[in-house]
Amino acid sequence: MNDLAPTPEETTPRQRLLDAALVEFAERGYDSVSIRDICKRAGMNVAAVNYHFRDKETLYIETARLAHTCANRPFPEWPADMLPEERLRRFIRGMATQMFLPTSPAAMKFMMREMAQPGKAARVIVDEFIRPMAFSLRSILAAMFPNLPPEKLLMTTFSIIGQILFYRMNRPIAELIFGVESVAALNLDMVVEHITDFTLAALRGVTP
């Protein structure tokens, strides 16, 4: 398998449009970017958007899918007979691994912009990627703590996801506060063990 990035000659016209759109939308948002801007960056005629995507809105939604793919990787599947606590640990490792993977700055900026002001693209990403992940975590917690009230179950789901997201979304600020070297010393294994142990200890302390 060739691990090298494709050259412009190897990239399909559709992918060139998506790559250009990702940069443009990430920098300026949906309303401030025209089809002409995207095609100029891609070095293509404006008719190419109509041919490959029909319209700007469809191109934007497909760009959102690309941005999410660049910023995240699929979770590995686990055996059906795996104990819930081990599933939780695997879930935290899978999501934390995504937070530690290098990603495109444009993809991250696009996703941050879209999550801050959700539009049609955000709903697509939620339906296809984020909701299944969140429901999976909630089902793990429900199996571990069947007597947990629904509100507590939901807040616990939020708490775990929030802990993991911190290591990507808030890393630049954490580095300003504590220093780049201190934050860089927190490797993936340390973060996974901390979040898992912290969560389990908290839940065992408040659940009957």
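All values reported here derive from a predicted model rather than from experimental measurement.

### Here we look at the side chain of Lys56
Okay, step 1: Along the chain, Lys56 turns up in helix H4 (residues 56-71).
Okay, step 2: Comment: no salt bridge for buried Lys56; closest opposite-charge side chain is Asp31, at 5.5 Å.
Okay, step 3: Residues in contact with Lys56, not counting those within four places in the same chain, are Phe25, Tyr30, Asp31, Val33 and Ile35.

### Focus: the nonpolar core
Nonpolar side chains in soluble globular proteins generally cluster together in the buried interior.
Okay, step 1: Leu17, Leu22, Phe25, Ile38, Leu59, Ala67 and Phe110 are the most contacted members of the largest nonpolar core, which has 28 residues in total.
Okay, step 2: Those elements that place two or more of their residues in this core are helix H1 (13-28), helix H2 (35-42), helix H3 (47-53), H4, helix H6 (105-116) and helix H7 (120-144).
Okay, step 3: Looking at this core element by element, the count peaks at seven residues for H1.
Okay, step 4: Excluding anything up to four places from it in sequence, Phe110 contacts Leu22, Phe25, Ala26, Tyr60, Thr63, Ala64 and Ala67.
Okay, step 5: Core analysis: the second largest hydrophobic core is formed by 24 residues, Met99, Leu137, Leu141 and Ile195 among them.

### Description of the packing of aromatic side chains
Aromatic rings considered in pairs are described by the distance between their centres and by the relative angle of their planes.
Okay, step 1: A full pass over the atoms with the stated rule returns six aromatic pairs.
Okay, step 2: With a centroid separation of 6.3 Å and an interplanar angle of 25 degrees, the aromatic rings of Phe100 and Tyr167 are classed as stacked. With Phe100 in helix H5 (residues 84-100) and Tyr167 in helix H8 (residues 150-169), the pair connects residues that are 67 residues apart, well separated along the chain.
Okay, step 3: By relative accessible area, Phe100 is classed as partly exposed at 27%.
Okay, step 4: Three or more aromatic residues link up through ring pairs in this structure, and these residues are Phe25, Tyr30, Tyr60 and Phe110.
Okay, step 5: Here Lys56 stacks its cationic end above the ring of Tyr30, 4.3 Å away from the centre of that ring.

So, how was this worked out
Residues numbered from 1 in each chain as written. Predicted model: local features only at pLDDT ≥ 70, side-chain atom pairs only at ≥ 80, totals over all residues. Heavy atoms only, no water. Helix = DSSP H or I, 4+ residues; strand = E, 2+ residues; numbered from the N terminus. Buried < 20%, exposed > 50% of the residue type's maximum accessible area, 1.4 Å probe, protein only. Lys, Arg positive; Asp, Glu negative; His and termini not counted. Salt bridge = Lys/Arg side-chain N within 4 Å of Asp/Glu carboxyl O. Contact = heavy atoms within 4.5 Å. Core = buried A, V, L, I, M, F, W, Y, C linked by side-chain atoms within 4.5 Å. Phe/Tyr/Trp six-rings, centres within 6.5 Å; stacked < 30°, edge-to-face > 60°. Lys NZ or Arg CZ within 6 Å of the ring centre and 35° of its normal.

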